Amino acid sequence: MTRCLEWQDNQCGWHAKTCTYKVQKCGSHAGCRTHDSCYDSCAKLPTGILRAACRRTCDFDCLRVYGKAFCSSWMGGGKPYDSYIEYTSTPTSSTYDTTCY
């Protein structure tokens, strides 16, 4: 994926740079996203038994709603998916380019 990045400096000069990124497309599912969100909420708790108990609740909720097969598959990044999310790395190349304005 290539993107043109533009910016203006404090002397009102415009600059542009073309950046190329490696894109990784990952499968996603609402159940997995809900579980991840639950874990994120648990991370706000103090470390120790309280946080561990919170995470277990997240795990049990996944099992209760989606079953062991799906929850186990999602743990390894497996299917089923209901959508795909794209992630990019840092730019693999970048060049100053006045033609991408």
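Up top is the structure these notes are about.
All figures in this text were calculated on a predicted structure; none of them were measured in a lab.

The rules behind each value
- Residues numbered from 1 in each chain as written.
- Predicted model: local features only at pLDDT ≥ 70, side-chain atom pairs only at ≥ 80, totals over all residues.
- Heavy atoms only, no water.
- Salt bridge = Lys/Arg side-chain N within 4 Å of Asp/Glu carboxyl O.
- Helix = DSSP H or I, 4+ residues; strand = E, 2+ residues; numbered from the N terminus.
- Buried < 20%, exposed > 50% of the residue type's maximum accessible area, 1.4 Å probe, protein only.
- Axes fitted to C-alpha atoms, helices over the stretch in contact; angles between N-to-C directions.
- Parallel < 35°, antiparallel > 145°, perpendicular 65-115°, else oblique.
- Left-handed = near helix turned anticlockwise from the far one by under 90°.
- Contact = heavy atoms within 4.5 Å.
- Nonpolar A, V, L, I, M, F, W, Y, C, P; charged D, E, K, R; others polar.
- Phe/Tyr/Trp six-rings, centres within 6.5 Å; stacked < 30°, edge-to-face > 60°.
- Lys NZ or Arg CZ within 6 Å of the ring centre and 35° of its normal.

S.K.: Break down the pattern of salt bridges for me, citing the residues and quoting the values.
M.R.: Under the counting rule described, the total for this entry stands at three salt bridges. When the shortest N-O distance is used, the salt bridge between arginine 33 and aspartate 82 registers 3.1 Å. With a gap of 49 residues between them, arginine 33 in helix α1 (residues 30–42) and aspartate 82 in the loop between α3 (68–75) and β4 (83–88) connect regions that are remote in the sequence. Judged by relative accessible area, arginine 33 falls into the partly exposed class, the value being 36%. The exposure class of aspartate 82 is partly exposed, given its relative accessible area of 42%. Where aspartate 61 meets arginine 64, a salt bridge forms, and the shortest distance between an N and an O atom there is 3.5 Å. Here aspartate 61 and its partner arginine 64 are both found in helix α2 (residues 49–66), three residues apart, which amounts to about one turn of the helix. Given a relative accessible area of 62%, arginine 64 falls into the exposed group.

S.K.: Would you mind going over the packing of α1 against α2 in detail, with residue names and values included?
M.R.: Two numbers describe how α1 lies on α2: the axes approach to 9 Å, and their chain directions differ by 165°. Here α1 is positioned roughly antiparallel relative to α2, judged by the angle of their axes. Like other packed secondary-structure pairs, α1 and α2 cross with a definite hand, here right-handed. When α1 is examined against α2, the residues Ala30, Gly31, His35, Cys38, Tyr39 and Cys42 are found in contact with a partner set consisting of Arg51, Cys54, Arg55, Arg56, Cys58, Asp59, Cys62 and Tyr66. Broken down by class, the residue content of the contact of α1 with α2 amounts to eight nonpolar, two polar and four charged.

S.K.: Residues and numbers for the packing of aromatic side chains, please.
M.R.: Going through the model one piece at a time under the given rule, you end up with three aromatic pairs. Each residue in the set Tyr66, Phe70 and Trp74 is aromatic and connected to the rest through ring pairs, giving one cluster. The side chain of lysine 25 reaches across the aromatic face of tyrosine 84, ending 5.3 Å from its centre.

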